[in-house]
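The primary structure of each chain is shown beneath.
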Amino acid sequence: MIAAEGCDAQLHRRVVAIMRMKQACCAVAALLYLTQLAEAQNFNQLIGFGDSATDTGWFTGATSGPHSTNVPAFDASIASAIAAGGNGHWTGPGQGNAQILAGFFGLSANAVGTPGGTNFAIGNGVDFLVPPGFFPPTATGNLFPNPLLPGTATQINNYLASVNGHANPNALYLLSSGGNDITAATAVFGPFSPAGVAYLLGEAQALANSLASLQAAGARYIIMSNYYPGPVNIPAATFYGDTILSATWRDLAAAGVRFIPADTISVFAAVEQHPAAFGITHDPHVVGPSGYACLPPTGPR
């Protein structure tokens, strides 16, 4: 683990606990829907968009430019991890879920900016833009302060620009987005806020619009994961999460976007209930709530 999604302590604890699970769970959920499809379709590329659940190494440890967080401590830790033989993505060590999924089809899903990279996803990315009043004030499409970091909708637009508006019809498009919008809404508007809801509805619409453009450009196989709130019940986060997920899927349906829903919630629930079956053991060095992913369930799911 080179970093955690977000700059505040609460977000750090939350993400440290779930990101290693996301590495495999998102891929497994997608594979459950793609096994039969693979028998009839030869995919030749996996293209990723979104946040840290799909990111496979966008940040390179650079201290400036589009592959920097503009947070010196984060950039230094990423550079150190890479120099030590590690990687620059959030769920390391090992492959990210996009790479695991791509490998099932004999493909790669390395980050854009690396040789042959096809993954535009960036850890800490929001659907489109952070809300006015968000700190740090230089942030745009990402919780990090680097204004050059695009949100998911802009990532999709950047991909389409790179292929002159002609999306690969034989590619898998993997997307995870929305979780950081919840963080941004909470930070600016507080919990259960009508203004927060309005912001999230706008973000959902922006994402749906970009996916409609992607489909219109030729994309046929778009995989969307559903929202996973984590085993620790945070009512405000769940409220905002349900808001943006339902709005996104409603807007996608209204726009006629056909997508493959990856049920990450069910996969996570299975891992939480039977961690040993998935090779997860408790880390004795982890203390407090951040160790919940390695502990037996404490109540009904």
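Note that the structure is predicted; figures quoted are calculated from it, not measured.

1. Topic: the overall build of the protein chain
Working step 1: Secondary structure summary: the protein chain contains eight helices and four strands in total.
Working step 2: In the protein chain, the order of α-helices and β-strands from amino to carboxyl end is α-β-α-α-α-β-α-α-β-α-β-α.
Working step 3: Among the 301 residues that make up the protein chain, the fraction classed as buried is 52%.
Working step 4: Within the protein chain, residue pairs in contact and separated by at least 24 positions form 75% of the contacts whose partners lie at least 6 positions apart.

2. Quick look at the confidence of the model for the protein chain
Working step 1: Of the residues in the protein chain, 77% have a pLDDT of 70 or more, and the chain-wide mean is 83.
Working step 2: Segment residues 292-301 is flagged for pLDDT under 50; beyond a separation of four residues in sequence, or across chains, it makes 20 contacts in the model.

3. Considerations on the packing of aromatic side chains
To describe a pair of aromatic rings, you give the distance between the ring centres and the angle between the ring planes.
Working step 1: Here the structure, examined in full by the defined rule, presents 14 aromatic pairs.
Working step 2: Centroid distance F189 to Y199: 6.2 Å. Interplanar angle 40 degrees. Geometry classified as tilted. With F189 in helix α5 (residues 179-189) and Y199 in helix α6 (residues 194-216), this pair connects stretches of sequence that are 10 residues apart.
Working step 3: Y199 gets classed as buried once you look at its relative accessible area, which sits at 11%.
Working step 4: Look at F192 and F239: their rings are 5.3 Å apart centre to centre, the planes differ by 45 degrees, and that puts the pair in the tilted class.

4. A few points about the sheet that holds strand β3 (residues 221-225)
Working step 1: Read across the open sheet, the four strands follow the order β1-β2-β3-β4; overall the sheet is parallel. Sheet topology places β1 (45-50) and β4 (260-262) at the edges, where each strand pairs with a single neighbour. Between one strand and the next, the sheet's axes are offset by a mean angle of 25 degrees, whatever the strand orientation.
Working step 2: Sheet topology places β3 next to β4; three bridges connect them, and they run parallel. Bridge pairing links S225 to A262 in β4.

5. Description of the nonpolar core
Working step 1: If you look at the biggest cluster of nonpolar residues, it comprises 30 residues, and the most contacted ones within it are F49, Y159, Y173, L211 and L214.
Working step 2: Secondary-structure elements contributing two or more residues to this core are β1, α2 (72-83), α4 (152-162), β2 (171-176), α6 and β3.
Working step 3: When near neighbours in sequence (up to four residues on either side) are disregarded, Y173 contacts I47, F49, Y159, A167, N168, L214, A219, Y221, I222 and I223.
Working step 4: Core analysis: the next-biggest nonpolar cluster, separate from the first, contains 16 residues, A184, A237, Y240 and I244 among them.

6. Focus: the side chain of N180
Working step 1: Within the secondary structure, N180 is located in helix α5.
Working step 2: At 2.8 Å, the side chain of N180 and the backbone oxygen of G125 are in polar contact.

7. Section: the packing of α5 against helix α7 (residues 235-254)
Working step 1: Running from N to C, α5 and α7 cross one another at 125 degrees; their axes reach a closest spacing of 9 Å. Relative to α7, the element α5 is oriented oblique. Relative to α7, the crossing made by α5 is right-handed. The residues of α7 that touch α5, namely those facing D181, I182, A185, T186 and F189, are A237, Y240, G241 and I244.
Working step 2: Looking at the contact of α5 with α7 residue by residue, the classes come out as six nonpolar, two polar and one charged.

8. Here we look at α4
Working step 1: Within α4, burial applies to T152, A153, Q155, I156, Y159 and L160. The buried side chains of α4 occupy one side of the element, clustering within an arc of 160 degrees when seen end-on. In α4, the exposed residues that point more than 90 degrees away from the buried face are A161 and S162.
Working step 2: Contact partners of the buried residues in α4: β1, β2 and α6.
Working step 3: Looking at the residues trailing α4, positive phi occurs at N164, about 55 degrees.

9. Topic: the environment of L46
Working step 1: Tracing the backbone through its elements, the reader meets L46 in strand β1.
Working step 2: A C-alpha to C-alpha distance of 9.6 Å links L46 and G103, two positions 57 residues apart in sequence.

Parameters and conventions
Residue positions within a chain follow its written sequence, with the count starting from 1. The model is predicted, so local features are restricted to residues of pLDDT at least 70 and side-chain atom pairs to those at 80 or more, both for listing and for counting; the totals for chains, interfaces and linings are taken over all residues. Where side-chain values are given, they derive from all heavy atoms of the structure, hydrogens and water being excluded. Only DSSP runs of H or I covering at least 4 residues are called helices, and only runs of E covering at least 2 are called strands; the numbering of each starts at the N terminus. Only protein chains enter the accessibility calculation, which uses a 1.4 Å probe; a residue is then buried when its area is under 20% of its type maximum, exposed when over 50%, and partly exposed in between. Contacts are assigned to residue pairs that have any heavy atoms within 4.5 Å of one another. pLDDT expresses, on a scale from 0 to 100, how confident the predictor is about each individual residue. A pair of Phe, Tyr and Trp rings is counted when the ring centres sit within 6.5 Å of each other, with Trp represented by its six-membered ring. The angle between the planes then sorts it: under 30 degrees is stacked, over 60 is edge-to-face, the rest tilted. Strand pairing follows a simple DSSP-based rule, namely that at least 2 bridges must link the two strands. The angle between two axes is taken between their N-to-C directions and runs from 0 to 180 degrees, where each axis is a line fitted to C-alpha atoms and a helix contributes only its stretch in contact. Nine residue types can take part in a nonpolar core, namely buried Ala, Val, Leu, Ile, Met, Phe, Trp, Tyr and Cys, and a core is a set of them joined through side-chain atoms within 4.5 Å. Any pair of N or O atoms that falls within 3.5 Å is considered a polar contact. Within protein, one atom must be able to donate a hydrogen and the other to accept it, and sequence-neighbouring residues count only if both atoms are side-chain atoms. Throughout, the term roughly parallel applies to angles under 35 degrees, roughly antiparallel to angles over 145, roughly perpendicular to angles from 65 to 115, and oblique to all others. Whether a crossing is left-handed or right-handed is set by the direction in which the near helix is turned from the far one by less than a right angle, anticlockwise for left-handed and clockwise for right-handed. Residues were grouped as follows: Ala, Val, Leu, Ile, Met, Phe, Trp, Tyr, Cys and Pro as nonpolar; Asp, Glu, Lys and Arg as charged; and all remaining residues, including Gly, as polar. Note that the arc is computed from the directions linking the helix axis to the C-beta atoms.

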